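Structural characterization, general
One letter stands for each residue in the lines below.
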Amino acid sequence: FGTHALLIVTVTLSPVTAAAQSENDATREDVYPPLWDLAPESLLNFLVKDNKIVINAWNYQERLGVYKNLLNSSAKYFTAFGSQNSGNILWGLPLQHGWQFRTGRLADPSSVTSCGYEDGDLLCISVRSWWSCMNYYLAVIPFLGAVEAGLFGQLPYEIEILPPEERRADFCYSVADCRSRIPKLMDDWKTYFEVNNFTSVSSATFSFKLDDALHLMWKAHVASIAYALPKFQDSLKYLSDPEANFGEDWANAVDFIAATHFSTDLLTTHSFQAFLPQRMLTEGDALPSISDFSPQQNSVLLSLRALHKANQLTGGLLLKLWQKAMSTEAGRKMGRKLIEELASS
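These numbers were taken from a predicted model, which means no experiment stands behind them. (Residues numbered from 1 in each chain as written. Predicted model: local features only at pLDDT ≥ 70, side-chain atom pairs only at ≥ 80, totals over all residues. Heavy atoms only, no water.)

**Points about the pattern of salt bridges**
In this structure the tally under the stated criterion is 19 salt bridges. The salt bridge partner of glutamate 148 is arginine 179, with a shortest N-O separation of 2.9 Å. Remark: arginine 179 occurs in helix H7 (residues 175–181) and glutamate 148 occurs in helix H6 (residues 140–149); sequence separation between them is 31 residues. With a relative accessible area of 27%, glutamate 148 lands in the partly exposed category. We note a salt bridge from arginine 332 to glutamate 329, for which the minimum N-O separation is 3.3 Å. Remark: glutamate 329 and arginine 332 occur in helix H14 (residues 329–340); sequence separation between them is three residues, near one turn of the helix. Because the salt bridges share partners, they merge into one network encompassing Arg167, Asp170, Lys231 and Asp234. (Salt bridge = Lys/Arg side-chain N within 4 Å of Asp/Glu carboxyl O. Helix = DSSP H or I, 4+ residues; strand = E, 2+ residues; numbered from the N terminus. Buried < 20%, exposed > 50% of the residue type's maximum accessible area, 1.4 Å probe, protein only.)

Laid out in structure tokens, this is it:
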């Protein structure tokens, strides 16, 4: 059964494998998210007001700072997996966010405001953007879960996240608020950050299996998307049909990627992201012949579409079969190899 699922997905993704090329000559600037060096390094670099650390998660630089603090504070657990924290599996989150920013996906898609546009407030993250609302649950919630797990030690102040101008009820804004509203999701992220707290008594080394950490991280990641998807379904109306389809195709693909315990370290994520579209899709864009996209990008988008449709047609059975195939380390290794072929020749 498991191998059958693997074969179906292989066939679905095969045009990509044939077309894929690697781009390993990336310089430091384009590996890291835009403005990474300008994002707040420490929690005390954010505004401190009325004995609270106040974070504006609707500003790109500040949301990036949330990620930077997560990466910096968990770096000590990943020293064995690459220099300069490059092996940290949290890199997938800020790199995705950086891609969203660079490609205009965080700007106001209704164009009613100048939020996120170069001739307006470029760093503004729009609450009307489907991408930015989905990303909130992969930025602020992991961060507050980490705060609750003690990743940042004893903080001198409470943390408060500023609400957006609209849809305030669709988000939570502090550890206590999120704990009361989405306890299960907070537990998933807290559990991930607690796996990083296992220290051996005899020395300062940290021992955890990378595969265990990947399992818990992906479990929380998938749970965040599953919770946010129905909540922001109505935001898809601001997007063109091809872009809305791509967003849902991408969310569906994450379930398949997660099952392989794919490593979201810095360089793996970076090379994989080269195949995502460098701009938002518009009404005229027809797969697989979008003229300003590379053949690989067209293939990847077509494959994501086919995978989503196949999963829908089988009532989710395809994903269940794939997850069954990925239930062993040998199966996951095959799954990862398939995905990595998307990003290499």
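**Describing the packing of helix H4 (residues 92–102) against helix H11 (residues 266–273)**
Closest axis-to-axis distance for the H4/H11 pair is 9 Å, and the angle between their directions is 30°. Here H11 runs roughly parallel to H4, going by the angle between their axes. Handedness of the crossing formed by H4 with H11: right-handed. On H11, the residues touching Gly92, Leu95, Gln96 and Trp99 of H4 are Leu266, Thr269, His270 and Gln273. Considered class by class, the residues forming the contact of H4 with H11 number three nonpolar, five polar and no charged. (Axes fitted to C-alpha atoms, helices over the stretch in contact; angles between N-to-C directions. Parallel < 35°, antiparallel > 145°, perpendicular 65-115°, else oblique. Left-handed = near helix turned anticlockwise from the far one by under 90°. Contact = heavy atoms within 4.5 Å. Nonpolar A, V, L, I, M, F, W, Y, C, P; charged D, E, K, R; others polar.)

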